[in-house]
Amino acid sequence: MGSWPNDVGIIALELIFPSQFVDQTKLEAYDGVSAGKYTIGLGQDKMGFCTDREDVHSLCLTVVQKLVEKHNIKYSEIGRLEVGTETIIDKSKSVKSVLMQLFEPHGITDIEGIDTTNACYGGTAALFNAISWIESSAWDGRYALAVAADIAVYAKGSARPTGGAGAVAILVGPNAPLVFDRGVRASYMRHAYDFYKPDLASEYPTVDGKLSIQCYLQALDHCYQLYCKKSSKLNNISVNLDNIDAVLFHSPYCKLVQKSLARLLLNDFVRTPPENIPKSFPTLQSMAGVKLENTYFDRDVEKAFLTASKDIYEKKTKPALLIANQVGNMYTPSVYGGLVSLLVSKDVSELAGNKICLFSYGSGLASSMFSITVSKDASENSSLFKLVSNLSHIKPLLEKRVSVVPEQFSNVMEIREKHGHSAPYKPEGPVDTLFPGTYYLESIDEMHRRVYKRVPIANANGTI
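How each quantity is defined
Residues numbered from 1 in each chain as written. Predicted model: local features only at pLDDT ≥ 70, side-chain atom pairs only at ≥ 80, totals over all residues. Heavy atoms only, no water. Helix = DSSP H or I, 4+ residues; strand = E, 2+ residues; numbered from the N terminus. Buried < 20%, exposed > 50% of the residue type's maximum accessible area, 1.4 Å probe, protein only. Contact = heavy atoms within 4.5 Å. Areas by Shrake-Rupley, 256 points an atom, 1.4 Å probe, with all protein chains shown as cover. pLDDT = per-residue confidence, 0-100. Pairing = 2+ DSSP bridges. Polar contact = N/O pair within 3.5 Å; in protein donor to acceptor, adjacent residues only side chain to side chain.

**A few points about the overall build of the protein chain**
For the protein chain, the count of helices and strands is 15 helices and 17 strands. Counting only residues that meet the buried cut, the protein chain has 56% of its 464 residues in that class. For the protein chain, long-range pairs separated by at least 24 residues make up 74% of all intrachain contacts whose partners lie at least 6 apart in sequence. Of the roughly 19700 Å² that the protein chain leaves accessible, carbon and sulfur atoms contribute 50%.

Structure follows, in structure tokens:
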């Protein structure tokens, strides 16, 4: 192309979630645990889940089709498509190849990209690859589309209420209203067995809960320190939480996110020269000399910084937890569900010019911190106004979901567990509870080939 495109970022966003949920208060009673264990201890109110009518293919088909329809994008305008997921249906055939069913009727087959996998980080890897393609010599002027989708389910026990499901489609291109900041991206990669899925016949992971939390917080420390270092050098200022308008996190559960924001304040505290602590952190002087590596499970330090960061959390992070609180952990789409939550929780004029920092984490482990600068133009004809307006359905759609009793939810999990790899198979779940425009699994034949249909909407023709 001969030139580096300007303001590469997010042109359009679409998010989907299941049409049914289980109430976490009712789930506490059903599981026989103390009241508040899930709602207060984890910070979760509702958990979305999929019946056997939906799989990762159907989620991706739905979110891509809805983005294209809502934003009047032509399939011919997309030159790269990559899917990030850890919900594996086939060990060879990619989800991206399934999505080609949407493009082929339009004569479109020249599209780069396949799938990328590493726990909850795959969506971010797909997004970074989309950005790199737009900024490379391979770019042909078309958009790149990054899709993240997962169905997060756990075996019966303490981890089950941290499930969820959903998908996000992120359209990337130049002259965007949400611009990715160049030169500040920070990553932290390590080998760890904190959360993994060695049983290829099961949807359920193997989890070392305590190690997983430590790995997450350790990755957060490293990414934030490096992000601040790079950003400070690039902008010739000292960067900390004061320079960021919103902080978004991958959300296994909301309480961990609140602790993570407190953790960033702890990082700022540790980086502050001792002589400046009385002025900058007057209520935390007793914590002087604390070492990050000794604080992962220190309740006193955690409590002190949770208290000190409460106002920052309420302003800069809590608005981004709507989807996480109401749907649960969507795995790869999680942090981008946070971005959607932020965009629908504030007026466009409040968002204009903001600096949004995002932390993406996937067990095993892979993590990155990066930032977005929001366009300053919030006028009704602006691309920012259009992007946010096209997300106005999110809150009403959450209210239209169907509440399912825990007994029924448990039965659905048993059906998924029993028939996850059955062939031939005819799904048992109802179709009439799905949102209009949702793709669903119609059948699996004896050769494991899957057929999908679409819940009718105006101008939708139904079957693929």
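**A look at the confidence of the model for the protein chain**
For the protein chain, per-residue confidence averages 95 on the pLDDT scale, and residues scoring 70 or more make up 98% of the total. For residues 459-464, every residue scores under 50 in pLDDT, and the model assigns this stretch 10 contacts once sequence neighbours within four places are set aside.

**Focus: the sheet that holds strand β3 (residues 46-48)**
Judged by pairing direction, the sheet is mixed, and its 3 strands sit side by side in the order β3-β2-β15 without closing on themselves. At either margin of the open sheet sits one strand with a lone partner, and together these are β3 and β15 (402-403). Where strand β2 (residues 20-23) lies against β15, 2 bridges are found, and the strand directions are parallel. Bridged to Phe21 within β15 is Ser403.

**Notes on the environment of Asp268**
Looking at the secondary structure, you find Asp268 in helix α6 (residues 254-271). For Asp268, a relative accessible area of 8% translates into the label buried. Residues Asp268 and Val239, spaced 29 residues apart in sequence, show a C-alpha to C-alpha distance of 9.2 Å. In this view, Asp268 contacts Tyr224, Asn240, Leu241 and Phe281; residues no more than four positions away in its chain are not counted. A distance of 2.7 Å separates a polar atom in the side chain of Asp268 from a polar atom in the side chain of Tyr224. At 2.8 Å, the side chain of Asp268 and the side chain of Arg271 are in polar contact.

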